[in-house]
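Chain and residue survey
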Amino acid sequence: MSAPSRSKGIGPDEAHEATPVDTPAHSQDDSSRAPPEVSAVATPRRCGLVAIVGRPNVGKSTLLNALVGQKISITSKKAQTTRHRITGIRTLGAAQFVFVDTPGFQDRHTAALNRSLNRTVKGSLADVDAVLFVVEAGRFGPDDAKVLALMPRDKPVVLIANKLDALARRQDVLPWLKTLPERHPFAEYVPMTARRADDIQRLLKILEPYLPEQEWFHEEDALTDRSERFLASEIIREKLFRLTGDELPYTSTVVIDRFEEGDVEGGLRRLAASIVVERDAHKGMIIGERGERLKRIGSEARQELEQLWDCKVFLELWVKVRSGWADDDQHLRSYGYE
Ligand SMILES: Nc1nc2c(ncn2[C@@H]2O[C@H](COP(=O)(O)OP(=O)(O)OP(=O)(O)O)[C@@H](O)[C@H]2O)c(=O)[nH]1
Ligand SMILES: [Mg+2]
């Protein structure tokens, strides 16, 4: 196993040529799988925590989902979509990666929600073995610098220059990358596109040597440490984010009121959830004319849940007004914020 410094990371001096053709998201590289245990020298198991941090909307959750190979964390065009620490697990050969998605560092919410979200980011950095610091390729602004200031000095921080596909002039990347070492002694520099399967495989190979040799934390087929109930509330929140106007999502959250646990294979799972908003006017905006918008949020969430659980889902969706929920620590805790 090569030492981290000898991994296939891309230094700021090396040009990156992204492969022009996308491969299916689920194509897996089996070349790193451990051989059957016939030889005396077995590959030692590795396992480690890798936090994904960065300012809002740089593609952290998209990256997590691609690294895990399944959607665990919700994404949207809007900044500040993620509100929780979410773990995604990928086991490849002898290596188990435990990725931790985090909220983009916040300043847009109310004071109490901000504090809670920023605590989540900082807390996620405490026990990690490596950090993926995500920025948009070609851009490093004051809001990126604010997050970079939180990076631990004693742990490998890998610079991910994401959304390379969206960059108009690729030739600008190299000179830009060369300005980054003065900002932080990054362990690796990886320009990439989170949506591109090849780039994801390459990143997994770059990261593997950073995982300490130790027993796995989770089962081989584990994907996340979050419950089905939590994933359900997040999927509803994603549809809410995607189907409503700009301001609304920041003042709303989703709570699951009723949830049938257990084996539902081939059956029907019933759940009831409430979208909690701060004002009556917001309630009207979510419900929409003749209830159309709420119906659409419910129906898109239901379809995704049916796919996820491979069973029929009956989703009852309500809208409730709780003024000041995001300003009240007690309310925040009862809604699952740390
Ligand atoms: N073009 C392009 N878009 C991307 C890429 N990765 C993510 N995106 C898009 O960027 C937007 C934000 O992605 P998210 O994954 O939600 O970003 P995030 O950093 O988790 O955002 P917060 O949770 O709000 O902090 C979405 O519209 C994604 O589809 C990429 O590699 N290329
Ligand atoms: Mg996110």
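Look a little higher up for the structure.
Residues numbered from 1 in each chain as written. Chains lettered and ligands numbered in written order. Predicted model: local features only at pLDDT ≥ 70, side-chain atom pairs only at ≥ 80, totals over all residues.

Side note on the nonpolar core
In a soluble, globular protein the nonpolar side chains are often hidden away together inside. The biggest cluster of nonpolar side chains holds 77 residues, and the ones touching the most others in it are Val50, Phe133 and Val158. For this core, the two domains that each supply at least three residues are domain 1 (41-210) and domain 2 (228-334). Look past the residues within four positions of Val50 in its chain and what remains in contact with it is Phe97, Val98, Phe99, Val100, Val128, Asp129, Ala130, Leu132 and Leu207. (Core = buried A, V, L, I, M, F, W, Y, C linked by C-beta atoms within 7 Å. Buried ≥ 20, exposed ≤ 12 C-beta atoms within 10 Å, placed from the backbone. Domains from an automatic or database assignment. Contact = placed C-beta atoms within 7 Å.)

Looking at the site of ligand 1
Around ligand 1 sit 24 residues, and of these Gly59, Ser61, Thr75, Thr82 and Gly104 come closest. The greatest single-element share of the shell around ligand 1, amounting to three residues, is contributed by helix 1 (residues 60-68). Of the residues contributing to the shell around ligand 1, the split by class is six nonpolar, 13 polar and five charged. (Near = placed C-beta within 6 Å. Helix = DSSP H or I, 4+ residues; strand = E, 2+ residues; numbered from the N terminus. Nonpolar A, V, L, I, M, F, W, Y, C, P; charged D, E, K, R; others polar.)

Observations concerning the sheet that holds strand 5 (residues 157-162)
Pairing is mixed in the open sheet, where six strands are placed in the order 2-3-1-4-5-6. Both outer strands of the open sheet, strand 2 (86-92) and strand 6 (188-191), are each paired with one neighbouring strand and no more. Averaged over neighbouring strand pairs, the angle between their axes works out to 25° when direction is ignored. Where strand 1 (residues 46-53) lies against strand 3 (residues 95-101), seven bridges are found, and the strand directions are parallel. Each bridged residue has a counterpart across the sheet, and for Val50 the counterpart in strand 3 is Phe99. Contacting strand 1, strand 2, strand 3, strand 4 (130-136) and strand 5, helix 1 crosses the sheet at an angle of about 160° to strand 3. (Pairing = 2+ DSSP bridges. Axes fitted to C-alpha atoms, helices over the stretch in contact; angles between N-to-C directions.)

As for the pairing of strand 1
Of all eight residues making up strand 1, eight are buried, and the element is well covered by its neighbours. In strand 1, alternate side chains face the same way, and those of Arg46, Gly48, Val50 and Ile52 on one face and Cys47, Leu49, Ala51 and Val53 on the other are all buried. Note: strand 1 against strand 4, four bridges, orientation parallel. Residue pairing in the sheet places Val53 in a bridge with Phe133 of strand 4.

Structural notes on the environment of Val277
With respect to the helices and strands, Val277 occurs in strand 8 (residues 268-277). Judged by C-beta crowding, with 23 C-beta atoms within 10 Å, Val277 ranks as buried. Spatially, the C-alpha atoms of Val277 and Ser252 are 4.5 Å apart, while their sequence positions differ by 25 residues. Once you skip the residues sitting within four places of it in the chain, Val277 turns out to touch Thr251, Ser252, His282, Lys283, Ile286, Val319 and Val321.

A short note on the environment of Glu234
With respect to the helices, strands and loops of the structure, Glu234 is situated in helix 6 (residues 228-243). Put simply, Glu234 and Ile72 are 162 residues apart on the chain and 9.2 Å apart in space, counted from C-alpha to C-alpha.

Quick word on the sheet that holds strand 9 (residues 312-321)
Spatially, 7-8-9 is the arrangement adopted by the three strands of the open sheet, whose pairing is mixed. Edge positions in the sheet fall to strand 7 (252-259) and strand 9, since each has one partner strand and no second. Sheet twist, expressed as the mean angle between neighbouring strand axes with direction ignored, is 25°. By the bridge criterion, seven bridges tie strand 7 to strand 8 in an arrangement that is antiparallel. Across the sheet, the residue bridging to Val255 is Ser274, located in strand 8. The sheet strands contacting helix 7 (residues 280-287) are strand 7, strand 8 and strand 9, and the helix crosses strand 9 at an angle near 150°.

Considering the packing of helix 6 against helix 8 (residues 292-309)
Here helix 6 crosses helix 8 at 135°, and the two axes come no closer than 9 Å. Overall, the two elements helix 6 and helix 8 adopt an arrangement that is oblique. Handedness of the crossing formed by helix 6 with helix 8: right-handed. In contact with Ala232, Ile235, Ile236, Lys239, Leu240 and Leu243 of helix 6, helix 8 contributes Arg293, Arg296, Ile297, Glu300, Ala301, Glu304 and Leu305. Of the residues in the contact of helix 6 with helix 8, the class split is eight nonpolar, no polar and five charged. (Parallel < 35°, antiparallel > 145°, perpendicular 65-115°, else oblique. Left-handed = near helix turned anticlockwise from the far one by under 90°.)

A few points about unusual backbone geometry
Within the chain, Asn57 stands out as a residue other than glycine whose phi angle is a positive 75°. Looking at the element boundaries, Asn57 is found in the loop between strand 1 and helix 1. When the 19 C-beta atoms within 10 Å are taken as the criterion, Asn57 is described as partly exposed. With a phi close to 55°, Asp310 is a non-glycine residue in the positive phi region. On the secondary structure map, Asp310 appears in the loop between helix 8 and strand 9. Look at Asp310 and you get exposed, because 9 C-beta atoms sit within 10 Å.

Geometric values such as these leave the question of function open.
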